[in-house]
Amino acid sequence: MRTRNRQYNVRGRTLFVGLAMALASSMLVARAGYLQLVNNDFLQQQGDARFVRQIPIPVSRGMITDRNGEPLAVSSPVESIWANPRELLLHPQRLPELAQALGTPLAPMTERIQARAEREFVYLRRHMNPDDAEEIIELGIPGVFSQREFRRFYPLGDVMAHVLGFTNIDEHGQEGLELAFDEWLTGTPGAKRIIRDRRGRIVENVDLVRAAEPGRELNLSIDRRIQYLAHRELNAALLQHDASAGSVVVLDVHNGEILAMVNAPSYNPNARHTAERGSMRNRAVTDVLEPGSVIKAMTVAAALETGRVHPDTVIPTSPGYMTVHRHTVRDIRNFGTLTTTGLLTKSSNVASVKLAQDMPPEHLFDVLNRFGFGQATGSGFPGESAGVLPTVRSWGPVERATIAFGYGVSATPLQLAQAYAAIGNGGHLVTPTFVRGAPAAVAPGTGSARRAAADGHAGDGDRSRGQRHPRPGRGLPRGRQDRHLAQGQRRRLPAPLPQPVRRPGAGQQPAPGHGRGDRRPEGQRLLRRPGRRAGVRRRHGRSAALARRAAGCLRTVVRAAAAGHRAGA
């Protein structure tokens, strides 16, 4: 069989292979160009998903200061250790070393990480000292990282605990003014995009997604020096009288600014896990009590307003007791004949009942209501109680008598302080406020809501944030407002004036709260002639003159009674 020799066209084959390779290369280059230049979204997303991360930029909560600018609540930077369970579980031999560095038992930590094995984030320990956290990161354990956070710190501890309240681990207000002004104090975290390597280290900052806005400062009306003295004296009084609890409220009578508010027992908000639950509520605002003889000044005020009683009006109290509807009202002893001033000096129950019986019950109820009993003060403190003032329809002869000397009615210590501040303020009832420089809110006599004496004006910095002034409870869901803010607190509340107060010139009104020499806020006087419609203040005529005389007589009676009590002591 013959074998035929074939001639191969080497040149043709080489040309064919070259053309095929050139065509394939062109197709690959075209495809690569298409994917990278035209349709690059998919590859970009896949690459970003593996290396680009958007991380938050933490911001600090706004500082709370007293009226002199001294810090009461500050946020200090801390570090939190977190891990990527997927990556960390690939190196189980490093877990004992990590547990020892964190100071936590190995078994619970391992169970916690394994329970989140399909996730990429789990906290291992939060709010650590930055130096301690850095030592853990330097161990180089795969999948373990740190992030910056802030922790709330209260320099005065238990002295300011009930007023300030506290925040949770995420720095959201939970109690007190931290809750009431949570939106004002909370900043807006920023965000930025970064590129991480396979070990989680930041390689490059890509861009800024959102700038961080820190929380705003809150300047309280509290004077921490007065606060400390009130705290010290209250605890001394509790020890002296073997009492279980007590409260102190100090008000500026002219503008309603709360200078001090303390309760005992108290707790340390920096270590509140050791506190008893009953010691964490602000008793001066949430707890009600029967005021007792404290209310006799209001009974005298109601009697003075009728015009039939004067400071030197004689009231017989012999033989030291009287019968009211088969019930006996007694004094501690027979005081004989007393004047209206002597009623307060001796704290006579019999004289108080006789004054109450000499006026219509509707009038006594109206005066007590105008003094603020039975309604929230409007301070904006979460959980404030409105107290109890029974409707006049439910008053019988006994209730009418007991209410005259402070039983059958209940009020908070803040309500009592507000009522006595009205006496020292010439008959003007002002709304208590925790914010320094807030326009004084003058309470009308009855029925209508409290009105602000002056509207606040925000500084330029506040306008840029789109919010004028801090207001208690703003930003809370409506359900939480209903629970935390008592009735009557959805009214316009005092707001601070961040701009400096200037001396008024021609045509200008002085800013309330600028000093003791300021003109008192204009508004209706608390005392008025019975029968006049609430909310009307006549500048001329018998009604206005009677109201002025009643307010002046009441101040005279209270001062004389206090002087007589000191002399007797």
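The residue count restarts for each chain, going from 1 along the sequence in the order it is written. Only residues with pLDDT of 70 or above have their local features reported here, since the model is predicted, and side-chain atom pairs are shown and tallied only from 80 upward, although totals for entire chains, interfaces and linings are computed over all residues. Where side-chain values are given, they derive from all heavy atoms of the structure, hydrogens and water being excluded.

Novice: How should the overall build of the chain be read in this particular structure?
Specialist: Secondary structure summary: the chain contains 20 helices and 17 strands in total. Exposure is judged per residue with a 1.4 Å probe applied to protein chains only, and the accessible area is read against the type maximum: over 50% gives exposed, under 20% gives buried, and values in between give partly exposed. Taking all 569 residues of the chain together, 44% fall into the buried category. Only heavy atoms enter the contact rule, under which two residues are in contact if any of them lie within 4.5 Å. Long-range pairs, those at least 24 residues apart, make up 72% of the contacts in the chain between residues at least 6 apart in sequence. Using a 1.4 Å probe, accessible areas were evaluated by the Shrake-Rupley method; residue-level cover was limited to the displayed protein chains. In the structure as shown, the chain presents an accessible area of about 30400 Å², 51% of it carried by carbon and sulfur atoms. Here a strand is any run of E in DSSP of at least two residues, a helix any run of H or I of at least four, and the numbering for each starts at the N terminus.

Novice: What should I look at first to understand the pattern of salt bridges in this one?
Specialist: A pairing counts as a salt bridge when a side-chain nitrogen of Lys or Arg comes within 4 Å of a carboxyl oxygen of Asp or Glu. Enumeration over the complete set of coordinates arrives at 17 salt bridges. Here Arg-86 and Glu-120 are joined by a salt bridge, their closest N and O atoms 3.6 Å apart. Here the residue Arg-86 occupies a position in helix α3 (residues 85-88), and Glu-120 occupies one in the loop between α5 (106-115) and β4 (122-128), the gap between them amounting to 34 residues. Taking relative accessible area as the criterion, Arg-86 reaches 43% and is therefore assigned partly exposed. Using a relative accessible area of 44% as the deciding quantity, one classes Glu-120 as partly exposed. Put simply, Arg-61, Arg-152, Glu-178 and Asp-182 are held in one network by salt bridges that share partners.

Novice: Before we go on, may I ask you to explain the packing of aromatic side chains in this structure?
Specialist: Aromatic rings in a pair are described by how distant their centres are and how their planes are angled relative to each other. The criterion for an aromatic pair is that two Phe, Tyr or Trp rings (for Trp, the six-membered ring) have centres within 6.5 Å, with stacked assigned to planes under 30 degrees apart, edge-to-face to planes over 60 apart and tilted to the rest. Following the criterion strictly, the structure yields seven aromatic pairs and no others. Clustering of aromatic rings is evident, with ring pairs tying together Trp-82, Phe-121, Tyr-123 and Phe-145. The ring of Tyr-123 has Arg-126 lying over it, and the distance from NZ or CZ to the ring centre is 4.3 Å. Placement of a positive charge over a ring is assigned whenever Lys NZ or Arg CZ falls within 6 Å of the ring centre and within 35 degrees of the normal to the ring plane. The lysine or arginine in question, Arg-330, covers the ring of Tyr-321, its NZ or CZ lying 5.5 Å from the ring centre.

Novice: How should the confidence of the model for the chain be read in this particular structure?
Specialist: It should be kept in mind that the predicted coordinates are not to be read in detail where pLDDT is low. The score called pLDDT rates the predictor's confidence residue by residue, from a low of 0 to a high of 100. Of the residues in the chain, 73% reach a pLDDT of 70 or more, and the chain-wide mean stands at 78. This model gives residues 442-468 a pLDDT under 50, and the stretch forms 73 contacts once residues within four places in sequence are excluded. Taken together, the stretch residues 527-544 has pLDDT below 50 and engages in 35 contacts with residues farther than four places along the chain or on a different chain.

Novice: Please explain a negative patch on the surface as it appears in this structure.
Specialist: The grouping of Asp-131, Asp-132, Glu-134, Glu-135 and Glu-138 at the surface amounts to a negative patch. Within the element layout of this structure, Asp-132 appears in helix α6 (residues 130-137). What makes Asp-132 partly exposed here is its relative accessible area of 39%. Patches here: salt-bridge-free residues with over 30% relative accessible area, like charges joined within 9 Å, nonpolar side chains (Val, Leu, Ile, Met, Phe, Trp, Tyr) joined within 5 Å. As used throughout, the charge tally considers Lys and Arg to be positive and Asp and Glu to be negative, leaving His and the chain termini uncounted. The atom standing in for a charge is NZ when the residue is Lys, CZ when it is Arg, CG when it is Asp and CD when it is Glu.

Novice: It is not clear to me how a nonpolar patch on the surface should be interpreted in this structure. Could you clarify?
Specialist: On the surface, Phe-16, Val-17 and Met-21 cluster together to form a nonpolar patch covering roughly 340 Å² of accessible area. Among the secondary structure elements, Met-21 is positioned in helix α1 (residues 10-38). For Met-21, a relative accessible area of 54% corresponds to the exposed category.

Novice: How do you make sense of the pairing of strand β9 (residues 246-251) when you look at a structure like this?
Specialist: On any regular strand, side chains alternate: one points to one face of the sheet, the next to the other face. We call two strands paired when DSSP finds no fewer than two bridges between them. Pairing of β9 with strand β10 (residues 258-264), which is carried by six bridges, proceeds in the antiparallel orientation. Looking across to β10, one finds that Val-249 is bridged to Met-261. Hairpin connection between β9 and β10: a loop of six residues separates the two successive antiparallel strands, and Gly-256 in this loop has a positive phi of roughly 80°.

Novice: Hey, could you run me through α5 in this one?
Specialist: Residues spaced three or four apart along an α-helix face the same direction, because each turn holds 3.6 residues. The complete set of buried residues in α5 reads Met-109, Thr-110 and Ile-113. Along the long axis of α5, the arc covered by the buried residues comes to 100°, so they all point the same way. Within α5, the exposed residues directed more than 90 degrees away from the buried face are Glu-111 and Ala-115. In this structure, the buried residues of α5 make contact with α3, α4 (95-102) and β4. What the arc describes is the spread of directions from the helix axis to the C-beta atoms.

Novice: Would you mind going over the side chain of Lys-296 with me for this structure?
Specialist: Its location among the elements puts Lys-296 in helix α12 (residues 296-306). It is Asp-331 that comes nearest to the buried, bridge-free Lys-296 among opposite-charge side chains, at 5.7 Å. Contacts of Lys-296, omitting those with residues within four sequence positions, involve Leu-343, Leu-344, Ser-347, Ser-348, Asn-349, Ser-352, Ala-404 and Phe-405.

Novice: Help me understand the environment of Asn-334, please; the structure alone is not making it clear to me.
Specialist: Residue placement: Asn-334 occurs in the loop between β13 (327-330) and β14 (337-339). Of the residues examined, Asn-334 reaches a relative accessible area of 40% and is grouped as partly exposed. For Asn-334 and Thr-317, which are 17 residues apart along the polypeptide, the C-alpha to C-alpha distance reads 7.1 Å. Beyond its immediate stretch of four places on either side in the chain, Asn-334 contacts Thr-317, Ser-318, Pro-319 and Gly-320. N or O atoms closer than or at 3.5 Å make up a polar contact, with two conditions inside protein: a donor-capable atom paired with an acceptor-capable one, and, for residues adjacent in sequence, both atoms drawn from side chains. Of the polar contacts made by the side chain of Asn-334, one reaches the backbone nitrogen of Gly-336; its length is 3.0 Å.

Novice: Looking at this model, I keep getting lost on the environment of Met-298. Mind explaining?
Specialist: Assignment of secondary structure puts Met-298 in helix α12. By relative accessible area, which is 1% here, Met-298 ends up buried. Separated by 106 residues in the primary sequence, Met-298 and Ala-404 place their C-alpha atoms 8.5 Å from one another.

Novice: I tried to follow α4 on my own but got confused; where do I start?
Specialist: All of the buried residues along α4 are Leu-95, Leu-98, Ala-99 and Leu-102. For α4, the buried positions fall inside an angular range of 100° around the axis, keeping them on one side. Elements in contact with the buried residues of α4: β3 (71-83), α3, α5, β4, α6 and β5 (144-153). Looking one or two residues beyond α4, the residue adopting positive phi is Gly-103, at roughly 75°.

Novice: Explanation requested: unusual backbone geometry in the structure shown.
Specialist: Most peptide bonds take the trans configuration, and most residues that are not glycine carry a negative phi. Put simply, Ala-264 and Pro-265 share a cis peptide bond, and its omega is 0°. Structurally, the position occupied by Pro-265 is in the loop between β10 and α11 (283-286). That bond from Ser-318 to Pro-319 is cis: its omega, 5°, falls within 30 degrees of zero. Relative to the helices and strands, Pro-319 is located in the loop between β11 (314-316) and β12 (321-324). Phi at His-127 takes a positive value of approximately 55°, unusual for a residue other than glycine. The residue His-127 is located in strand β4 in this model. Judged by its relative accessible area of 16%, His-127 falls in the buried class. In this structure, His-325 is a non-glycine residue whose phi angle is positive, near 55°. Assignment of secondary structure puts His-325 in the loop between β12 and β13.

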